Structures are given as C-alpha cells and as structure tokens.
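The chain contents come next:
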Amino acid sequence: MLLHVTHATRYDYAPPVETAQHLAHLKPMNTASQRLVSHALTISPTPAQHGESPDVYGNTRAFFALEATHEELVVTAESVVDTAPPVLPPAIARELPWEEVRERFRYVKDASYDPASDFVFPSRYVPRHDDFAAYARPSFAPGRPAFDAAMDLTLRMYRDLEYDAGSTEISTPAIEALAQRKGVCQDFAHIMIACLRTLGLPARYVSGYLLTQPPPGRPRLIGADASHAWVSVYLPGADGPGDWADFDPTNGRQPGEDYVTLAIGRDYSDVSPMRGVLHGGARHTLAVSVTVRPLEELKEQAAAVAASQSQTQSQSQSQSQNKESS
C-alpha cells in the first residue's frame, strides 16, 4: 500500500520568539515492512541552520535553528511510504513461554549483550509499579507463550480502557491513566509497555500514523487524522537473535499495511514529533493536522482538480471569443 502522509504543525507565539532551536521526529523509518519512497520537510520562516542525523535507535532527527524574530512557526512534513503487512521471521520462537523470555533478560555476569535489554528498564513515562503487574497477570498465565500473552493483553486493554481525548495530557502518569481506565493512544501504549516491563519483558514505544476510512459516502477530511502510538514486544529466536512484534491496544489488533512507523523509543519522550528551546514566546498556541491517504487517491484528486481548471479555462476562452465576435 502506497500511503501519502502530511503532518503539519503550527505555533503562534506571543510575544514573538527571538531565537529558537528545534528537534523533530517527522521522517518515517525504513523497516522490514515499509519503505520510505519520498520525504520533504518545509519550515517557515526559513531556518538559519538545518540538518538531520540518526539517533541511537535508528530514527532520523531533524535539527533546525531560527535566529530571526518570528511570531509563528509552521513545519510541514510530506512523506510517501510503501507499506506491507509485517511478517515475523521464521527464526522467532513464537511458542517460547513468557517466563523464559524474561529469564533471558536477567543480568548474568559475562553474558552476551542483547540490544533489546535497553527496553526492559523504566523510563520517563514508563515506571514499574505493582499495579501494572496486577493488571497484566491474567494474560500471563504460567507457561503461556509470550506472543499469545501480549495479544491477550492487547485485547483486554481494548475492552477495558475507554478512548477519551479530554481525559489526559502527555504529562499524565501512566499509573493514573490505568486507574481511571481511560486515555488516548499514547496512554494506552505507555500502560502496556509498563505492564510488560514490570514483568521483566522488553517493550518499546512506536509512534506513527494509521490510515482511517471516512464514513460511507463522505469525503476524507483533510487534516482530521492524528499521530498514533502502539507497542513493540521483543520475541527472542530459538537459538539466536529475535525480532519485534507490534501490538496496538487502542484498536485491539496487530498493525498491518495501514500503519506507518515514524520512530521508536523507550517512550514518548524519545520520539516526540517536535520539541525546542526558545528565547521569548512566553505564550503560544499549537495546531497540528495530520492526513493519511492512499497515494492513488491523491493522484485522482489532483487529476480532477486539473480537469476542472482546464474546463474553466476553456469556458473562459470560449466566452472571450464570443464577446470578440459580437
């Protein structure tokens, strides 16, 4: 599936910002199940410095600096991504009991290092807590395969937690979102990761996008989508390296070709779309719009607009000729 993603961010400042430095995670990754076809980042006002570099997890970070006074900042990322349904490699031990996965990540002196170990420890938005273990335990029966247990936890969260956009903020602790049984996709991802890490299992945060379908007979609303977040769980190989399996507790499913992976990290703080350090701009308003649609739909819309413009131009020329004749 070829997907076109537009992610537009606008800040309006009062008083104006004098200088600023920003870091953005807005460039989709290349993974085993998706290929970045094209990407363009437009910044207004034009930055004095602009560059990009990879971080420790393989995400692309865009850095830019603004050295002139400005009252607004508009950052627009346009990407085309070729996606396919994720497939776990055959070497993955899907039937491996979750307790054995946990044991593989206990510290043992002189044992070989597994990079997935970085995702066992607590992080800024994902603490360990007994309440997370208590919630997760019904899914993690003794001897149950880690994959099956993670899928069951995904489905339970989908049934138990209510999606409520006004119930939390990004600073709301995951333990609070779990207690009130409501939140948004970032909260659900943090809760699930906390459940898994509290049990000793590696889990990471995935930010990205999801293709949504408009109601039957209605056009797709431009800018009405939002960023999405889900979870990756590490599954070791039977005799060697493993791989990550994705789960989306917000929608009670595994991500497919209708998902676009933007960045991965320990939690939201590693992969926030935009962050910055400002001199000035004590107050600001933020507006974010996201549109995900099949590339073919965009091409059809562009062709329709071009045809309409051509027809209008032809009618104008015809009217002009008729006036000249008369």
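Quick caveat: nothing in here was measured; it's all calculated off a predicted structure.

Undergrad: Quick rundown of unusual backbone geometry? Include the residues and the values.
TA: Residue proline 15 is bonded to the preceding alanine 14 through a cis peptide linkage, with omega at -10°. Inspection of the secondary structure assignment puts proline 15 in strand S1 (residues 2-27). Residues serine 44 and proline 45 are joined by a peptide bond in cis, for which omega reads 5°. Position of proline 45 among the secondary structure elements: in the loop between strand S2 (34-44) and strand S3 (49-54). Here the phi dihedral of arginine 181 falls at roughly 60°; this positive angle occurs in a residue that is not glycine. When you line up the elements, arginine 181 lands in the loop between helix H4 (174-180) and strand S7 (182-183). Residue classification places arginine 181 among the partly exposed residues on the basis of a relative accessible area of 34%.

Undergrad: Describe the sheet that holds strand S8 (residues 203-210), and please don't skip the residues or the numbers.
TA: In sheet architecture, strand pairing relies on hydrogen bonds along the backbone and comes in two forms, parallel and antiparallel. Strand order in this open sheet of 4 strands is S10-S9-S8-S11, and the pairing throughout is antiparallel. One side of each edge strand has no neighbouring strand; the edge strands of this open sheet are strand S10 (243-247) and strand S11 (259-265). Strand-to-strand twist of the sheet, defined as the mean angle between neighbouring strand axes without regard to direction, takes the value 35°. Note: strand S9 (residues 228-235) against S10, 5 bridges, orientation antiparallel. Bridge pairing in S10 places serine 232 opposite aspartate 246. Contacts from helix H3 (residues 146-160) reach S9 and S10 within the one sheet, and its direction differs from that of S10 by about 20°. Sheet strands touched by helix H5 (residues 185-198): S8, S9 and S10. Its angle to S9, the strand with the most contacts, is close to 20°.

Undergrad: Describe the environment of alanine 77, and please don't skip the residues or the numbers.
TA: Within the fold, alanine 77 resides in strand S5 (residues 70-83). Setting aside residues up to four positions removed in sequence, alanine 77 forms contacts with Val5, Thr6, His7, Leu26, His39, Ala40 and Leu41.

Undergrad: Residues and numbers for the nonpolar core, please.
TA: Among the nonpolar cores identified, the biggest contains 56 residues, and Phe140, Leu153, Met157, Ile191, Leu196, Val231 and Phe247 are the most heavily contacted of them. Those residues in contact with leucine 153, other than ones at most four positions away along the chain, are Tyr135, Ala136, Ser139, Phe140, Met192, Cys195 and Leu196. Listed in part, the 24 residues of the second largest apolar core include Val5, Leu36, Ala77 and Leu262.

Quick notes on the rules
Residues numbered from 1 in each chain as written. Predicted model: local features only at pLDDT ≥ 70, side-chain atom pairs only at ≥ 80, totals over all residues. Heavy atoms only, no water. Helix = DSSP H or I, 4+ residues; strand = E, 2+ residues; numbered from the N terminus. Buried < 20%, exposed > 50% of the residue type's maximum accessible area, 1.4 Å probe, protein only. Pairing = 2+ DSSP bridges. Axes fitted to C-alpha atoms, helices over the stretch in contact; angles between N-to-C directions. Contact = heavy atoms within 4.5 Å. Core = buried A, V, L, I, M, F, W, Y, C linked by side-chain atoms within 4.5 Å.

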